[in-house]
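Observations on chain architecture
Listed here are the chains, written in short residue letters.
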Amino acid sequence: MSAYRTGDPLDRRRFLTAAALRGATVIGTGALSASALSTGVLGTRVTGAAGAAGVIGATALGAVDADAAFAAPIRPLDPAVARSAFAEGRIAAINGDVLEVAGSYGDHSRVRVTGATSVWKGRATTAADIETGDGLYARGLPLPDGTLAADAVWVNIVNLHATIRGIEKTRLHLAHGQHEIIGNLMAERTSAAYGDASPTADLSRLTIGQSAQVLGAWRPSDDSVDLVRVAVAPGAGRRR
């Protein structure tokens with residue numbers, strides 16, 4: 001099972017630092033300047049071997065916004081709450097409320113989602129938006145049958161360092177290593193963060209040649225990225 005317990009940060013970091021473009025989820029490390037996408041406080045209902053059910057608040061396992069996918073894991077304060085585990089990969093099949101996930105290292109996971117699971121796919125959404133072929137990063141609690149009961153699922157999440165190579169009205173041209181990426185600018189959803197300032201809808205200070213950290217959602221259909229936030233260094237760029 002591709003589930004990484006918080007006590008094993010090496011495996012989790014290996015996944016978070018992978019940048020597999022052209023047909024795979026793109027995820028990188030690094031905290032961004034602000035947490036702009038709050039999905040609220042949810043919980044996961046888990047059923048034990050004896051059939052007893054309980055609700056674990058998502059905040060016991062960590063935050064559920066987009067930035068939480070890259071945050072250091074926390075230890076639950078309640079000793080009755082098990083340590084969280086993680087799963088990642090491409091969704092190979094969806095069987096009811098269970099996602100069959102092919103991991104990046106040849107392993108396999110089964111991730112259970114419910115109406116209480118926080119789902120992010122470029123924005124806060126529901127499990128109905130999850131599709132076969134999507135990339136997935138999930139956090140939750142391991143169940144006796146080997147599945148991961150997810151309290152939070154991040155679908156197609158992208159977090160990487162890039163250089164702005166071109167600017168158009170509806171998209172940015174980005175370079176990440178040897179890869180060229182099209183970043184889709186979304187009206188009323190894409191924001192920019194300049195240094196430590198709060199994210200703003202004003203994108204006018206983004207300029208060609210800037211180094212940027214981008215947070216967004218990968219589109220499997222064309223390998224482009226829907227940009228949620230573009231963060232650049234303090235004082236970088238001038239109004240164009």
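Residues numbered from 1 in each chain as written. Predicted model: local features only at pLDDT ≥ 70, side-chain atom pairs only at ≥ 80, totals over all residues. Heavy atoms only, no water.

Along its length, the chain carries 1 helix and 15 strands. Taking all 240 residues of the chain together, the buried fraction comes to 48%. A fraction of 62% describes how many contacts in the chain between residues 6 or more apart in sequence connect residues 24 or more apart. Accessible surface, the chain: about 11100 Å² in total, of which carbon and sulfur atoms supply 52%. (Helix = DSSP H or I, 4+ residues; strand = E, 2+ residues; numbered from the N terminus. Buried < 20%, exposed > 50% of the residue type's maximum accessible area, 1.4 Å probe, protein only. Contact = heavy atoms within 4.5 Å. Areas by Shrake-Rupley, 256 points an atom, 1.4 Å probe, with all protein chains shown as cover.)

Right, let's talk about unusual backbone geometry for a bit. One can expect most non-glycine residues to show negative phi and most peptide bonds to be in trans. Unlike most non-glycine residues, asparagine 156 shows phi in positive territory, near 60 degrees. With respect to the helices and strands, asparagine 156 occurs in the loop between β9 (148–155) and β10 (157–167). Residue class for asparagine 156 comes out buried when judged on its relative accessible area of 1%. Of note in the backbone geometry, aspartate 223 takes a positive phi value of approximately 65 degrees without being a glycine.

Let us look at the side chain of serine 191. Tracing the backbone shows serine 191 in strand β13 (residues 191–194). What serine 191 contacts, discounting residues up to four positions off in sequence, is Pro199, Thr200, Leu203, Val228, Arg229 and Val230.

On strand β5 (residues 108–112), burial follows the alternation: Ser109 and Val111 on one face are buried, whereas His108, Arg110 and Arg112 on the facing-out side are not. When strand β4 (residues 98–102) meets β5, the two strands line up antiparallel, connected through 5 bridges. Its bridge partner being in β5, alanine 102 is matched across the sheet by histidine 108. In this antiparallel pair of consecutive strands, β4 and β5, the connection spans 5 residues, and glycine 106 shows a positive phi of 85 degrees. (Pairing = 2+ DSSP bridges.)

Overall, the coordinates contain 9 salt bridges when judged by the stated rule. Residues glutamate 100 and arginine 110 are paired through a salt bridge, measuring 3.2 Å at the closest nitrogen-oxygen approach. Residue glutamate 100 is found in strand β4, and its partner arginine 110 is found in strand β5; the two are separated by 10 residues along the sequence. Given a relative accessible area of 13%, glutamate 100 falls into the buried group. For arginine 110, a relative accessible area of 32% translates into the label partly exposed. (Salt bridge = Lys/Arg side-chain N within 4 Å of Asp/Glu carboxyl O.)

Taken as a class, soluble globular proteins show a tendency for nonpolar side chains to be buried jointly. Membership of the largest hydrophobic core comes to 19 residues, with the highest contact counts inside it found for Leu160, Leu172, Leu174, Leu206, Val214, Leu227 and Val230. Listed by contribution, the elements that provide at least two residues to this core are β10, β11 (171–176), β12 (179–185), β13, β14 (211–218) and β15 (225–232). Ignoring sequence-local partners within four residues, the contact set of valine 230 consists of Leu172, Ser191, Ala192, Ala193, Leu206, Ala212, Gln213 and Val214. Counting 15 residues, the second largest nonpolar core, distinct from the first, contains Ala85, Val113, Ala138 and Ala150. (Core = buried A, V, L, I, M, F, W, Y, C linked by side-chain atoms within 4.5 Å.)

Attention now goes to the packing of aromatic side chains. In this structure the tally under the stated criterion is 2 aromatic pairs. Geometrically, the ring pair formed by phenylalanine 86 and tyrosine 137 is stacked, given 5.7 Å between the ring centres and 10 degrees between the ring planes. Remark: tyrosine 137 occurs in strand β8 (residues 135–142) and phenylalanine 86 occurs in strand β3 (residues 85–95); sequence separation between them is 51 residues. The burial state of phenylalanine 86 is the same as that of tyrosine 137; both residues are buried. (Phe/Tyr/Trp six-rings, centres within 6.5 Å; stacked < 30°, edge-to-face > 60°.)

On to the pairing of β14. A large share of β14 lies buried, amounting to 7 of its 8 residues. Relative to β14, β10 runs antiparallel, the two being bridged by 7 bridges. The residue bridging asparagine 159 from the neighbouring strand is leucine 215, located in β14. Bridging between β14 and β15 involves 7 bridges; their strand directions are antiparallel. Its bridge partner lying in β15, tryptophan 218 is registered against valine 225. Two successive antiparallel strands, β14 and β15, enclose a turn made up of 6 residues, where aspartate 223 displays a positive phi of approximately 65 degrees.

Right, let's get into the environment of threonine 114. Looking at the element boundaries, threonine 114 is found in the loop between β5 and β6 (118–120). A sequence separation of 36 residues divides threonine 114 from alanine 150, and the C-alpha atoms of the two residues are 7.9 Å apart. Among the polar contacts listed, one links the side chain of threonine 114 to the backbone nitrogen of alanine 116, at a separation of 3.0 Å. (Polar contact = N/O pair within 3.5 Å; in protein donor to acceptor, adjacent residues only side chain to side chain.)

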